[in-house]
Amino acid sequence: MKRILSIVTILSILSMIVSVALGQTIEDLLKLADNISSINYVNNISSLTGITSFGIYGAAGSMTIGSNPVSYVATGVVSIGIYKNLNLNVGISSNSEISISAIFDPNSYQRSQSAFSSQYISDRNKLRMDVINYFFDAMKMKTMINYESDQSTSLQNQANVALMKSEYVYDLNMVNTLLNIHMDNFSFPALNVPNIPKTFTPYYQYAQPSQNSDLSFGINGSILQNQSSSFSISVQYSWNQTSQQTVQNVENVQKKKYFDDMNILVNVVNLYDSKINGLLKTYSTVYGNYLQGKATAADVKSISNDISQYGYERDMFCIELLRDYYLYEILM
């Protein structure tokens, strides 16, 4: 079992290395994030099999029996956990006593497995969302840098551009750190409107099976030097009082907001596109008039500045649209 898990881990790492070489687009980065989450999950699940714990304990003490002088007793205990179900203890004392005890919990493995599955989905979504947010923050900074660099060469503008470049490097370094890779730059997608879903699909959170009761078995035995021995069996059953609890699915609330925002932003971007198309037609007419001496260079520049400003605003909204689109898509 461990060999199979190790092979899966190795294959996942090899896949991750390939992704690192190409890992500049958002799709490649998300695949890499999934690889990392899967490797962590495989390692956690593999920790439930075989010998899952090992411990050695020792104690020493003294006792007086009647008028006999003080005698010393030392005890060593070896504890081994197996498959998260069985805990075996073997103890040997200096007075030649051997004791053996074992506790078997049939539900322990399932509880641990369910907990790891729930944690895997939670960690995977968080890593994906962090990557998406840093990626589109960087895209936003890059767009602002390009726009502001063309506006003026004032000291204030230079300072703002320098700060935005620092923010871009921060976003890049955060993604590198989260995914344990090295990238010099991102490869950003074209600022086009994606095909957003027409209807909202709720996010169904992983439901960890409830465990309102627990059952365990135990055996204890000891053998003394004088051949006397003891043996016992125990059964323990425990339960919890169930109560009606309302669990709010936070991911579903977030996903609904992404869906609503996408629909708002699509309309906004489409309105900007319509406005820019109108300005381009006006620019063509005014520029033609300018060539004929019927318009001034200032008229042409004014419309050109309007197109640039509206185009910049449109791209900023489109970046937020793409961010919401990817955040919505990963919460499936």
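Structure shown above.
Residues numbered from 1 in each chain as written. Predicted model: local features only at pLDDT ≥ 70, side-chain atom pairs only at ≥ 80, totals over all residues. Heavy atoms only, no water.

Visitor: How do you make sense of the packing of helix H2 (residues 26-46) against helix H4 (residues 155-179) when you look at a structure like this?
Guide: Helices that pack against each other are described as a pair by the angle of their axes relative to one another and the distance between those axes. Running from N to C, H2 and H4 point in directions that differ by 35 degrees, and their axes come no closer than 10 Å. The residues of H4 that touch H2, namely those facing Leu29, Leu32, Ala33 and Ile36, are Val175, Leu178 and Leu179. Among the residues making up the contact of H2 with H4, the classes are represented as 7 nonpolar, no polar and no charged. (Axes fitted to C-alpha atoms, helices over the stretch in contact; angles between N-to-C directions. Helix = DSSP H or I, 4+ residues; strand = E, 2+ residues; numbered from the N terminus. Contact = heavy atoms within 4.5 Å. Nonpolar A, V, L, I, M, F, W, Y, C, P; charged D, E, K, R; others polar.)

Visitor: Where do I start with the pattern of salt bridges in this structure?
Guide: Where charged atoms from two side chains of opposite charge come close, those side chains can pair. Going through the model one piece at a time under the given rule, you end up with 9 salt bridges. Across the pair Asp34 and Arg128 runs a salt bridge whose closest N-O atoms are separated by 2.9 Å. On the criterion of sequence distance, the pair formed by Asp34 in helix H2 and Arg128 in helix H3 (residues 108-149) is long-range, its members being 94 residues apart. Connected through shared salt-bridge partners, Asp137, Glu320 and Arg323 make up one network. (Salt bridge = Lys/Arg side-chain N within 4 Å of Asp/Glu carboxyl O.)

Visitor: What should I look at first to understand the side chain of Glu251 in this one?
Guide: Tracing the chain through its elements places Glu251 in helix H5 (residues 250-291). In this structure Glu251 is buried but unpaired, with Arg124 as the nearest side chain of opposite charge at 11 Å. If we ignore the near neighbours within four places in the chain, the residues touching Glu251 are Tyr203, Gln205 and Leu331. (Buried < 20%, exposed > 50% of the residue type's maximum accessible area, 1.4 Å probe, protein only. Lys, Arg positive; Asp, Glu negative; His and termini not counted.)

Visitor: How should the side chain of Asn89 be read in this particular structure?
Guide: The topology assignment puts Asn89 in strand S3 (residues 86-93). Polar side-chain contacts of Asn89 include one of 2.9 Å to the side chain of Ser79. Side-chain polar atoms of Asn89 contact the side chain of Asn87, separated by 3.0 Å. Discounting chain neighbours no more than four positions away, the residues touching Asn89 are Val77, Val78, Ser79, Ser99, Ile100 and Ser101. (Polar contact = N/O pair within 3.5 Å; in protein donor to acceptor, adjacent residues only side chain to side chain.)

Visitor: Help me understand the pairing of strand S4 (residues 98-104), please; the structure alone is not making it clear to me.
Guide: Consecutive side chains along a regular strand alternate between the two faces of the sheet. The pairing of S3 with S4 spans 7 bridges and is antiparallel. Paired with Leu88 across the strands is Ala102, a residue of S4. The pairing of S4 with strand S5 (residues 213-223) spans 7 bridges and is classified as antiparallel. Across the sheet, the residue bridging to Ile100 is Gly221, located in S5. (Pairing = 2+ DSSP bridges.)

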